[in-house]
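Observations on the model geometry
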Amino acid sequence: MKKIINVAIDGPAGAGKSTIAKAAAAKLGFIYIDTGALYRTVGVNALRKGIDVKNSAAVVASLTDELKIELKFIDGEQRMFLCGEDVSKEIRTPDASMAASAVSAVPEVRKYLFDLQKNLAKSNNCIMDGRDIGTVVLPDADVKIFLTATPEARAKRRYLELTEKGIDAKYEDVLADMIERDYNDSHREIAPLKQAEDAVLADTSELDLQQSIDLIINLIEGKI
Ligand code: DC
(Lines give C-alpha, C1' and ligand atoms only; values in the text may rest on other atoms or scores of the structure.)
Protein backbone atom coordinates (compact mmCIF):
# COMPACT_ATOMS: atom_id res chain seq x y z
CA MET A 1 0.00 0.00 0.00
CA LYS A 2 1.28 3.47 -0.86
CA LYS A 3 2.01 5.74 2.07
CA ILE A 4 -0.55 8.46 2.67
CA ILE A 5 0.94 11.95 2.83
CA ASN A 6 -0.49 14.50 5.26
CA VAL A 7 0.42 18.17 5.20
CA ALA A 8 -0.66 20.41 8.09
CA ILE A 9 -0.92 24.15 7.55
CA ASP A 10 -1.75 26.35 10.51
CA GLY A 11 -1.70 30.09 10.95
CA PRO A 12 -3.70 33.16 11.89
CA ALA A 13 -6.79 34.50 10.12
CA GLY A 14 -6.07 36.31 6.90
CA ALA A 15 -2.69 34.69 6.19
CA GLY A 16 -4.10 33.30 2.93
CA LYS A 17 -4.03 29.70 4.15
CA SER A 18 -7.05 28.48 2.25
CA THR A 19 -6.18 30.08 -1.10
CA ILE A 20 -2.57 28.95 -0.88
CA ALA A 21 -3.36 25.47 0.44
CA LYS A 22 -6.04 24.92 -2.22
CA ALA A 23 -3.66 25.89 -5.04
CA ALA A 24 -0.84 23.76 -3.64
CA ALA A 25 -3.17 20.77 -3.20
CA ALA A 26 -4.38 21.07 -6.81
CA LYS A 27 -0.78 21.14 -8.04
CA LEU A 28 0.20 18.10 -5.95
CA GLY A 29 -2.99 16.13 -6.64
CA PHE A 30 -3.92 16.10 -2.93
CA ILE A 31 -7.29 16.92 -1.45
CA TYR A 32 -7.58 20.18 0.46
CA ILE A 33 -9.45 20.10 3.76
CA ASP A 34 -10.57 23.37 5.30
CA THR A 35 -11.22 22.56 8.97
CA GLY A 36 -12.50 26.06 9.76
CA ALA A 37 -15.60 25.07 7.72
CA LEU A 38 -16.38 22.37 10.30
CA TYR A 39 -16.37 24.87 13.16
CA ARG A 40 -18.43 27.22 11.03
CA THR A 41 -21.04 24.48 10.47
CA VAL A 42 -21.30 23.77 14.20
CA GLY A 43 -21.70 27.55 14.64
CA VAL A 44 -24.48 27.76 12.04
CA ASN A 45 -26.30 24.84 13.67
CA ALA A 46 -26.21 26.67 17.00
CA LEU A 47 -27.41 29.93 15.41
CA ARG A 48 -30.29 28.15 13.68
CA LYS A 49 -31.34 26.69 16.99
CA GLY A 50 -31.33 30.15 18.55
CA ILE A 51 -28.55 29.23 20.93
CA ASP A 52 -26.35 31.85 22.55
CA VAL A 53 -22.99 30.77 21.14
CA LYS A 54 -21.16 32.32 24.08
CA ASN A 55 -22.99 29.94 26.41
CA SER A 56 -20.74 26.85 26.42
CA ALA A 57 -23.29 24.58 28.11
CA ALA A 58 -25.90 25.46 25.47
CA VAL A 59 -23.37 24.87 22.69
CA VAL A 60 -22.51 21.46 24.16
CA ALA A 61 -26.23 20.65 24.35
CA SER A 62 -26.54 21.44 20.62
CA LEU A 63 -24.26 18.47 19.81
CA THR A 64 -27.17 16.04 19.81
CA ASP A 65 -27.44 12.57 18.27
CA GLU A 66 -29.54 14.08 15.49
CA LEU A 67 -26.81 16.51 14.51
CA LYS A 68 -25.17 15.35 11.31
CA ILE A 69 -22.19 17.24 9.92
CA GLU A 70 -20.73 15.97 6.67
CA LEU A 71 -17.90 17.16 4.51
CA LYS A 72 -18.19 16.13 0.86
CA PHE A 73 -16.15 16.82 -2.22
CA ILE A 74 -18.27 17.86 -5.19
CA ASP A 75 -16.38 18.59 -8.43
CA GLY A 76 -13.24 18.71 -6.33
CA GLU A 77 -14.65 21.40 -4.03
CA GLN A 78 -15.23 20.87 -0.34
CA ARG A 79 -18.86 21.38 0.64
CA MET A 80 -20.43 21.29 4.08
CA PHE A 81 -23.72 19.59 4.85
CA LEU A 82 -25.74 20.15 8.01
CA CYS A 83 -28.32 17.39 8.54
CA GLY A 84 -28.33 16.77 4.78
CA GLU A 85 -28.58 20.43 3.73
CA ASP A 86 -25.75 22.13 1.84
CA VAL A 87 -24.74 25.09 4.04
CA SER A 88 -21.48 25.91 2.23
CA LYS A 89 -22.63 29.47 1.51
CA GLU A 90 -24.30 30.17 4.83
CA ILE A 91 -21.15 29.31 6.80
CA ARG A 92 -19.33 32.26 5.18
CA THR A 93 -21.50 35.06 6.61
CA PRO A 94 -20.04 37.38 9.29
CA ASP A 95 -22.49 35.91 11.83
CA ALA A 96 -21.23 32.43 11.07
CA SER A 97 -17.60 33.60 11.48
CA MET A 98 -18.45 35.01 14.86
CA ALA A 99 -20.32 31.85 15.89
CA ALA A 100 -17.46 29.63 14.66
CA SER A 101 -14.97 31.57 16.71
CA ALA A 102 -17.13 31.19 19.85
CA VAL A 103 -17.93 27.47 19.45
CA SER A 104 -14.32 26.64 18.59
CA ALA A 105 -13.31 27.59 22.14
CA VAL A 106 -15.57 24.86 23.58
CA PRO A 107 -13.55 21.67 24.29
CA GLU A 108 -16.49 19.35 23.53
CA VAL A 109 -16.85 20.90 20.08
CA ARG A 110 -13.19 20.30 19.33
CA LYS A 111 -13.53 16.71 20.54
CA TYR A 112 -16.68 16.25 18.47
CA LEU A 113 -14.85 17.28 15.26
CA PHE A 114 -11.59 15.50 16.01
CA ASP A 115 -12.40 12.01 14.61
CA LEU A 116 -13.89 13.43 11.44
CA GLN A 117 -10.64 15.29 10.73
CA LYS A 118 -8.47 12.32 11.70
CA ASN A 119 -10.39 9.90 9.49
CA LEU A 120 -10.21 12.16 6.46
CA ALA A 121 -6.45 12.41 6.83
CA LYS A 122 -6.03 8.67 7.37
CA SER A 123 -7.35 7.73 3.98
CA ASN A 124 -6.33 10.65 1.75
CA ASN A 125 -3.20 12.45 0.64
CA CYS A 126 -4.21 15.85 1.92
CA ILE A 127 -3.35 19.36 2.89
CA MET A 128 -5.38 20.22 5.97
CA ASP A 129 -5.53 23.77 7.22
CA GLY A 130 -6.64 25.21 10.53
CA ARG A 131 -5.24 26.41 13.82
CA ASP A 132 -4.27 23.20 15.64
CA ILE A 133 -3.60 20.73 12.83
CA GLY A 134 0.17 20.37 13.35
CA THR A 135 -0.12 20.52 17.13
CA VAL A 136 -3.24 18.47 17.96
CA VAL A 137 -5.07 16.88 15.02
CA LEU A 138 -2.13 15.56 12.98
CA PRO A 139 0.92 15.70 15.26
CA ASP A 140 2.60 13.11 12.99
CA ALA A 141 1.96 14.98 9.73
CA ASP A 142 4.70 14.50 7.12
CA VAL A 143 4.98 18.24 6.59
CA LYS A 144 3.98 21.03 8.97
CA ILE A 145 3.87 24.64 7.93
CA PHE A 146 3.02 27.67 10.02
CA LEU A 147 1.83 30.22 7.52
CA THR A 148 1.76 33.79 8.69
CA ALA A 149 2.22 37.43 7.76
CA THR A 150 2.31 40.62 9.81
CA PRO A 151 -1.10 41.86 11.04
CA GLU A 152 -0.64 44.92 8.80
CA ALA A 153 -0.02 42.80 5.67
CA ARG A 154 -3.01 40.55 6.46
CA ALA A 155 -5.26 43.52 7.22
CA LYS A 156 -4.25 45.21 3.96
CA ARG A 157 -5.15 42.08 1.95
CA ARG A 158 -8.47 41.68 3.75
CA TYR A 159 -9.24 45.38 3.29
CA LEU A 160 -8.56 45.20 -0.47
CA GLU A 161 -10.70 42.05 -0.72
CA LEU A 162 -13.63 43.78 0.98
CA THR A 163 -13.40 47.00 -1.03
CA GLU A 164 -13.08 45.02 -4.28
CA LYS A 165 -16.37 43.33 -3.36
CA GLY A 166 -17.89 46.79 -2.85
CA ILE A 167 -18.08 46.31 0.93
CA ASP A 168 -17.51 49.51 2.87
CA ALA A 169 -14.59 49.11 5.26
CA LYS A 170 -11.90 51.11 7.03
CA TYR A 171 -8.35 49.79 7.06
CA GLU A 172 -7.93 50.76 10.74
CA ASP A 173 -11.03 48.75 11.70
CA VAL A 174 -9.90 45.71 9.71
CA LEU A 175 -6.48 45.89 11.40
CA ALA A 176 -7.99 46.22 14.89
CA ASP A 177 -10.25 43.25 14.14
CA MET A 178 -7.29 41.19 12.96
CA ILE A 179 -5.28 41.95 16.09
CA GLU A 180 -8.23 41.07 18.32
CA ARG A 181 -8.84 37.77 16.53
CA ASP A 182 -5.14 36.88 16.74
CA TYR A 183 -5.27 37.49 20.45
CA ASN A 184 -8.41 35.38 20.94
CA ASP A 185 -7.15 32.52 18.77
CA SER A 186 -3.76 32.34 20.46
CA HIS A 187 -4.88 32.87 24.06
CA ARG A 188 -7.81 30.49 24.33
CA GLU A 189 -7.27 27.65 26.77
CA ILE A 190 -7.87 24.76 24.43
CA ALA A 191 -5.82 24.13 21.29
CA PRO A 192 -4.61 27.70 20.93
CA LEU A 193 -3.05 28.84 17.69
CA LYS A 194 0.65 28.21 17.99
CA GLN A 195 3.47 27.04 15.80
CA ALA A 196 4.30 23.35 16.28
CA GLU A 197 7.91 22.86 17.31
CA ASP A 198 8.65 20.95 14.12
CA ALA A 199 6.74 23.27 11.78
CA VAL A 200 8.45 25.39 9.15
CA LEU A 201 7.63 29.08 9.47
CA ALA A 202 6.49 30.66 6.19
CA ASP A 203 6.07 34.42 6.35
CA THR A 204 4.27 35.80 3.31
CA SER A 205 4.27 39.49 4.34
CA GLU A 206 6.53 40.45 1.44
CA LEU A 207 5.26 37.90 -1.09
CA ASP A 208 2.44 38.06 -3.58
CA LEU A 209 -0.01 35.20 -3.97
CA GLN A 210 1.89 33.28 -6.64
CA GLN A 211 5.17 33.62 -4.73
CA SER A 212 3.42 32.34 -1.58
CA ILE A 213 1.99 29.35 -3.44
CA ASP A 214 5.40 28.54 -4.94
CA LEU A 215 7.03 28.78 -1.53
CA ILE A 216 4.56 26.33 0.00
CA ILE A 217 4.80 23.87 -2.90
CA ASN A 218 8.61 23.98 -2.65
CA LEU A 219 8.48 23.38 1.09
CA ILE A 220 6.19 20.39 0.66
CA GLU A 221 8.07 18.89 -2.27
CA GLY A 222 11.31 19.30 -0.36
CA LYS A 223 9.97 17.18 2.46
CA ILE A 224 8.15 14.35 0.69
O1 DC B 1 -10.30 29.40 9.29
P2 DC B 1 -11.69 29.99 9.57
O3 DC B 1 -11.67 31.49 9.74
O4 DC B 1 -12.74 29.54 8.61
O5 DC B 1 -12.09 29.37 11.00
C6 DC B 1 -13.29 29.68 11.63
C7 DC B 1 -13.09 29.66 13.13
O8 DC B 1 -12.80 28.34 13.59
C9 DC B 1 -11.96 30.55 13.63
O10 DC B 1 -12.45 31.41 14.64
C11 DC B 1 -10.93 29.63 14.23
C12 DC B 1 -11.64 28.32 14.40
N13 DC B 1 -10.81 27.19 14.01
C14 DC B 1 -10.21 26.46 15.01
O15 DC B 1 -10.34 26.81 16.18
N16 DC B 1 -9.48 25.36 14.70
C17 DC B 1 -9.32 24.97 13.42
N18 DC B 1 -8.61 23.89 13.15
C19 DC B 1 -9.92 25.73 12.39
C20 DC B 1 -10.65 26.84 12.71
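Criteria and cut-off values
Residues numbered from 1 in each chain as written. Predicted model: local features only at pLDDT ≥ 70, side-chain atom pairs only at ≥ 80, totals over all residues. Heavy atoms only, no water. Near = heavy atom within 4 Å. Polar contact = N/O pair within 3.5 Å; in protein donor to acceptor, adjacent residues only side chain to side chain. Helix = DSSP H or I, 4+ residues; strand = E, 2+ residues; numbered from the N terminus. Buried < 20%, exposed > 50% of the residue type's maximum accessible area, 1.4 Å probe, protein only. Pairing = 2+ DSSP bridges. Salt bridge = Lys/Arg side-chain N within 4 Å of Asp/Glu carboxyl O. Phe/Tyr/Trp six-rings, centres within 6.5 Å; stacked < 30°, edge-to-face > 60°. Expected span 1.5 Å × (residues − 1). Bend = angle between axes of the 7 residues up to and from the residue. Contact = heavy atoms within 4.5 Å.

Here the focus is the site of the ligand. Lining the immediate environment of the ligand, one finds 13 residues, of which R40, R110, R131, D132 and R188 sit closest. A distance of 2.7 Å separates an oxygen atom of the ligand from a polar side-chain atom of R40. At a separation of 3.0 Å, an oxygen atom of the ligand approaches a polar side-chain atom of R131. When residues of the shell around the ligand are traced back to their parent elements, those giving at least two are α2 (36–48) and α4 (94–103). The element best represented in the shell around the ligand is α2, accounting for 3 residues.

A few words on the pairing of strand β6 (residues 126–130). With 5 of 5 residues buried, β6 lies mostly within the body of the structure. Both faces of β6 are covered, namely the face carrying C126, M128 and G130 and the face carrying I127 and D129. Of the strand pairs in this sheet, strand β1 (residues 6–10) and β6 are connected by 5 bridges, and their pairing is parallel. Paired with V7 across the bridge in β6 is I127. Relative to β6, strand β2 (residues 31–34) runs parallel, the two being bridged by 4 bridges.

Between side chains of opposite charge, a pair can form when the charged atoms approach closely. Going through the model one piece at a time under the given rule, you end up with 10 salt bridges. R92 is the partner of D34 in a salt bridge, and the nearest nitrogen-oxygen pair spans 2.9 Å. Placement of D34 in strand β2 and of R92 in the loop between β5 (85–86) and α4 is noted, with a sequence separation of 58 residues between them. Residue D34 is classed as buried on the basis of its relative accessible area, which comes to 13%. The closest approach of N and O atoms between E161 and R158, which form a salt bridge, is 3.6 Å. One end of the pair is E161 and the other is R158, both in helix α7 (residues 151–164) and 3 residues apart, which spans about a single turn. Judged by relative accessible area, which is 26%, R158 ranks as partly exposed. Through salt bridges that share partners, R48, E85 and E90 make up one connected network.

Now for the packing of aromatic side chains. Each aromatic ring pair is specified by the distance between its two centres and by the angle formed by the two planes. According to the stated counting rule, one finds 1 aromatic pair in the structure shown. Arranged with centres 6.3 Å apart and planes meeting at 85°, the rings of Y159 and Y171 form a pair that is edge-to-face. Separated by 12 residues along the polypeptide, Y159 in helix α7 and Y171 in helix α8 (residues 171–187) bring together distant segments of the chain. You can call Y159 partly exposed: its relative accessible area is 25%.

Moving on, we come to helix α5 (residues 107–123). An ideal rise of 1.5 Å per residue puts 24 Å on 17 residues; α5 measures up with 25 Å between its terminal C-alpha atoms. In α5, a bend of some 30° at F114 exceeds every other bend along the element. Looking only at α5, the buried set comprises V109, R110, L113, Q117, L120 and A121.

Structurally, T41 is set in helix α2. In this view, T41 contacts I69, M80, F81, L82, V87 and I91; residues no more than four positions away in its chain are not counted.

The values are spatial; any link to function lies outside them.
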